[in-house]
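Spelled out, the chains give:
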Amino acid sequence: ADPQGAADPASQLQEVVVSAQRRKNAFVSTSARLSLAAGPILDSDFSVKGGYFACSKLLGGDTPTAIVAGCDEIAIGAITAARQLGIVVPNELSIVGIDDHPYSAMFGLTTVRQRPGEQGEQAVDLIVRAMGASEPSLESLAIAIPIGLEVRSSTTATAILYPVSQPHGTMVSP
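For clarity, every value in this text was computed on a predicted model and none was experimentally measured. (Residues numbered from 1 in each chain as written. Predicted model: local features only at pLDDT ≥ 70, side-chain atom pairs only at ≥ 80, totals over all residues. Heavy atoms only, no water.)

J.: Explain the side chain of Thr 155 here, please?
T.: Mapped onto the secondary structure, Thr 155 falls in the loop between β5 (148-150) and α6 (157-161). A polar side-chain atom of Thr 155 sits 2.9 Å from a polar atom in the side chain of Thr 110. What Thr 155 contacts, discounting residues up to four positions off in sequence, is Pro 90, Ser 94, Ile 95, Val 96 and Thr 110. (Helix = DSSP H or I, 4+ residues; strand = E, 2+ residues; numbered from the N terminus. Polar contact = N/O pair within 3.5 Å; in protein donor to acceptor, adjacent residues only side chain to side chain. Contact = heavy atoms within 4.5 Å.)

So, in structure tokens, the structure goes:
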């Protein structure tokens, strides 16, 4: 970190990579636990542009029934790519994002809502507790923060309920 306390760019990039990897791992393990065939997992920038280009490639072949994007920005790019390719969201393709970005509602994006303010407060509390402990353990510092699913118009239940012989969902990950 610099003298002003700002993280250096390499540290910030490492945080994004770790977050993306955790989201990808959670997608794969949850798909397996639910006996869903996860389709290809594409890497993308954490941006609307990254989601647009990754999904333009993905949707040029056999269209999956659903896409779970690594963040809302990627999902918004996926919605844009689908529309430009004439794919009707959600009738032909359901798209879900993560984070509940301020623009998610404008795009009708179904998203996993997180609570970044509460996450930040809990992180500071954990750090303070760890500093006061003689030997802090990761287990004693673990907390659970509830998340929610904000269902909007980018998903439909019918895309999930039909049996599928091809990969069911695809994650576009940052």
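J.: In this structure, what is going on with the packing of helix α2 (residues 48-58) against helix α3 (residues 72-84)? I would like to understand it.
T.: Helix packing for two helices is described by the angle between their axes and how far apart those axes are. At a closest axis distance of 6 Å, the pairing of α2 and α3 adopts a crossing angle of 45°. If you check the angle between α2 and α3, you find them oblique. Handedness of the α2/α3 crossing: right-handed. Of α3, the residues touching α2 (which contributes Val 48, Gly 51, Tyr 52, Cys 55 and Ser 56) are Glu 73, Ile 74, Ile 76, Gly 77, Ala 78, Thr 80, Ala 81 and Gln 84. (Axes fitted to C-alpha atoms, helices over the stretch in contact; angles between N-to-C directions. Parallel < 35°, antiparallel > 145°, perpendicular 65-115°, else oblique. Left-handed = near helix turned anticlockwise from the far one by under 90°.)

J.: Got a minute to help me understand α3 in this structure?
T.: Helical geometry note: an α-helix holds 3.6 residues per turn, so side chains three or four residues apart project in the same direction. Over its 13 residues, α3 runs 18 Å from end to end, which matches the ideal 18 Å to within 8%, given 1.5 Å per residue. What α3 keeps buried is the set Asp 72, Ile 74, Ala 75, Ile 76, Gly 77, Ala 78, Ile 79, Ala 81 and Ala 82. In the stretch just after α3, Gly 86 is the one whose phi turns positive, near 80°. (Expected span 1.5 Å × (residues − 1). Buried < 20%, exposed > 50% of the residue type's maximum accessible area, 1.4 Å probe, protein only.)

J.: Hey, could you run me through the environment of Thr 63 in this one?
T.: With respect to the secondary-structure elements, Thr 63 resides in the loop between α2 and β2 (66-69). Judged by its relative accessible area of 34%, Thr 63 is partly exposed. Contact partners of Thr 63, with chain neighbours within four places excluded, come to Ile 87, Glu 92 and Leu 93.

J.: Explain unusual backbone geometry to me, please; I cannot follow it from the model alone.
T.: Glycine aside, negative phi is the norm for most residues, and most peptide bonds take the trans geometry. That bond from Val 89 to Pro 90 is cis: its omega, 5°, falls within 30 degrees of zero. Its identity is not glycine, yet Asp 99 carries a phi of approximately 125°, on the positive side. Its location among the elements puts Asp 99 in the loop between β3 (94-98) and β4 (110-113). Despite not being glycine, Asp 100 shows a phi value in the positive range, around 55°. Its location among the elements puts Asp 100 in the loop between β3 and β4.

J.: Would you mind going over the packing of aromatic side chains with me for this structure?
T.: How two aromatic rings sit relative to each other is set out by the distance from centre to centre and by the angle between their planes. For the coordinates displayed, the defined rule picks out one aromatic pair. Aromatic side chains Tyr 52 and Phe 53 sit 5.3 Å apart centroid to centroid with 80° between the ring planes, which places their arrangement in the edge-to-face category. (Phe/Tyr/Trp six-rings, centres within 6.5 Å; stacked < 30°, edge-to-face > 60°.)

J.: Looking at this structure, I do not really get the nonpolar core. What am I missing?
T.: Generally speaking, a soluble globular protein has its nonpolar side chains buried in company with each other. One finds Cys 55, Leu 59, Ile 67, Leu 93, Ile 95 and Leu 109 to be the most contacted residues of the largest nonpolar core, which totals 17 residues. Breaking this core down by element, the ones donating at least two residues are α2, β2 and α3. The element that contributes the greatest number of residues to this core is α3, accounting for seven residues. (Core = buried A, V, L, I, M, F, W, Y, C linked by side-chain atoms within 4.5 Å.)

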